[in-house]
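# Observations on the three-dimensional arrangement
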Amino acid sequence: MSELTKAIELGLDEAVAQAEKSWAEGGIPIGSTLVSQKGEIVSSGHNMRVQSGDPTAHAEVVCFRNAGRRRDWGTLTLISTLSPCIMCTGTSLLFGVKRVFVGENKSFLGAEDLMCSNGVEVHVLQDERCIQLMERMKREKPDLWAEDIGL
């Protein structure tokens, strides 16, 4: 297994842990990580929209905020449990991220085409843990799903 493959697995595991943390806090079960070329998790975050009342506090945005000021954005890989929405895609494009791994896009298809059309390498994993997190949310908190994702 290559270093990158291990890093993606570790990054996805951490993103799932972040999603579960958000769910335990009463929030939306989406998590995200940024991973370096050396395979280190640079930062992680989970959706804080419900907990903070901030509509922009999506997992990816929180993850970027947690990474702090940097100059190496283009070398980092973004991993998210769910396909990034247009806002999170825009954040990734703004900072020049070149590679994104999506835990799943069956529940919600974000702006993957926009990322790809801007030269971002997008990999969709269809990870069963990520799918189950969103299925649980839809089943147990349909109002929250409709408010945030189901539109």
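Attention now goes to helix H3 (residues 59–67). The element H3 is extensively covered by neighbouring structure, given that seven of its nine residues are classed as buried. For H3, the set of buried residues is Ala 59, Glu 60, Val 61, Val 62, Cys 63, Phe 64 and Ala 67. The inward-facing, buried residues of H3 abut strand S1 (31–35), strand S2 (41–46), strand S3 (77–80) and helix H4 (86–95). Positive backbone phi, approximately 75 degrees, marks Gly 68, located one or two places after H3.

Moving on, we come to the packing of H3 against H4. As a packed pair, H3 and H4 sit with axes 8 Å apart at the nearest point and diverge in direction by 30 degrees. Taken together, the axes of H3 and H4 lie roughly parallel to each other. Of the residues in H4, those in contact with Glu 60, Val 61 and Phe 64 of H3 are Met 87, Cys 88, Thr 91, Ser 92 and Phe 95.

In terms of nonpolar packing, the biggest core is built from twelve residues, these being Leu 34, Cys 63, Phe 64, Ala 67, Trp 73, Leu 76, Leu 78, Val 97, Val 100, Val 102, Met 115 and Val 120. Counting residues per element, the ones that place at least two in this core are H3 and strand S4 (99–102). By residue number, the principal contributor to this core is H3, which donates three residues. Every residue in contact with Met 115, bar those within four places of it in the chain, is listed here: Pro 84, Thr 89, Leu 93, Val 100, Val 120 and Val 122.

Rules and cut-offs
Residues numbered from 1 in each chain as written. Predicted model: local features only at pLDDT ≥ 70, side-chain atom pairs only at ≥ 80, totals over all residues. Heavy atoms only, no water. Buried < 20%, exposed > 50% of the residue type's maximum accessible area, 1.4 Å probe, protein only. Helix = DSSP H or I, 4+ residues; strand = E, 2+ residues; numbered from the N terminus. Contact = heavy atoms within 4.5 Å. Axes fitted to C-alpha atoms, helices over the stretch in contact; angles between N-to-C directions. Parallel < 35°, antiparallel > 145°, perpendicular 65-115°, else oblique. Core = buried A, V, L, I, M, F, W, Y, C linked by side-chain atoms within 4.5 Å.

Any functional reading would require information that these geometric values do not contain.
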